[in-house]
Amino acid sequence: MTQDPSAFTMGIGTIGPALAIGMIGAAALIGMARNPENSEKIQVAMIIAIAFAEAIAIYALVVALILKFVS
Amino acid sequence: MINIGLQPEYVLSILGISLTNTFLTSVLVTALLGVLGIVFYFKKQNCKNILISGIRILVFELLKLIDAVTHDRKLSKKILPVVATFFLFIVTANLLALVPGFLGSFFIDTPAGKFSVLRSPNSDLTTTAALALFSVLATQFFSLRVLGIKKYIGRFLNFTNPVKFILGFFEMISEGVKVLSFSFRLFGNIFAGEVLLLIIAFLVPYIIPLPFMILEVFVGIIQAFIFAVLTLTFIKTSTMRHIRSGRKVDI
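Rules of the game
- Residues numbered from 1 in each chain as written.
- Chains lettered and ligands numbered in written order.
- Predicted model: local features only at pLDDT ≥ 70, side-chain atom pairs only at ≥ 80, totals over all residues.
- Helix = DSSP H or I, 4+ residues; strand = E, 2+ residues; numbered from the N terminus.
- Rg over C-alpha atoms; globule rule 2.2 N^0.38 Å.
- Buried ≥ 20, exposed ≤ 12 C-beta atoms within 10 Å, placed from the backbone.
- Contact = placed C-beta atoms within 7 Å.
- Nonpolar A, V, L, I, M, F, W, Y, C, P; charged D, E, K, R; others polar.

Q: Would you mind going over the overall build of chain A with me for this structure?
A: If you tally the helices and strands in chain A, you get three helices and zero strands. Along chain A, helices (α) and strands (β) appear in the sequence α-α-α when read from the amino end. Computed over C-alpha atoms, the radius of gyration of chain A comes to 16 Å, more than 25% over the 11 Å expected from 2.2 N^0.38 for 71 residues, which places it beyond the range of a compact globule. Its C-alpha atoms give chain A principal-axis dimensions of about 55 × 20 × 10 Å. Burial status across chain A gives 14% buried among its 71 residues. Considering only residue pairs separated by 6 or more positions, chain A has 77% of its internal contacts joining residues 24 or more positions apart.

Written as structure tokens, this is what we have:
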């Protein structure tokens, strides 16, 4: 199907985390707009949640790098 | 093509033990932070030097951030050394690798090839795995100290209820997954940044690497912050006690 498995890994593996980070950001913005005095707490929680979601994309990246650089 | 290695390169051999270039850089980072700490300790309290005041502000802001999560000044003061050390070590290690002309300038000829003597410590899975292991062990230590040994074992092996037994089993698996997650998050971000900078410098050496270096500075600071805040969050959730009606309270 494809000649390069590492490109395919990265292509499929970043769809989920991108959607997740978008949804987390949207929920955080709605919460901050509804209640601006809690912005600090919402922002810290949002950063932690985005870190968890981004870690999944990083796992896909590490697998792609291993496929590329380890023969 | 260029030589990008997933494995770190062994550059030095002391008393029969081979050392990698990432280890040498992490020793350098530790020495730098140690000198900064000693200078900070011996200056008087209200010194007008900008470096000393900067360090004092940074540590105090970290204490306020820990306060925002734990709501308890006593616990914050106990956690502050661990969390602040993680943050300062990782941020110094990441930013030191981006100072121009510093880490890539010294080469050494070994039998395996010509390698750079210093390399960013977090681009090596051993450093990040060690940091992750230490973070999870610190969480267990704080949990054990605050809860006592019976409640600590009761977090994982809970025989009152079949559902709680399976949940306790998943707690154990979750602790192991945390080690992997911490180490791969930091390793993936920093190593991918290194590969990106190398490839961009290979394609267009002038001017174009600048936005990518700005991105790498940003990513380095954010990853250090995330490591420290995640350690803090896990310590906080592992030192919370259940009272008998099932509600969680702070101790």
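Q: Hey, could you run me through the interface of chain B and chain A in this one?
A: Reports of interface size often rely on the accessible area that becomes lost once the parts have come together. Listed per partner, the contact involves 14 residues of chain B and 12 residues of chain A. When residues of the side of chain B that touches chain A are traced back to their parent elements, those giving at least two are α6 (162-203) and α7 (209-238) of chain B. The leading source of residues in the side of chain B that touches chain A is α6 of chain B, at seven residues. Per-class residue counts for the side of chain B that touches chain A are nine nonpolar, four polar and one charged.

What is shown is where atoms sit, not what they do.
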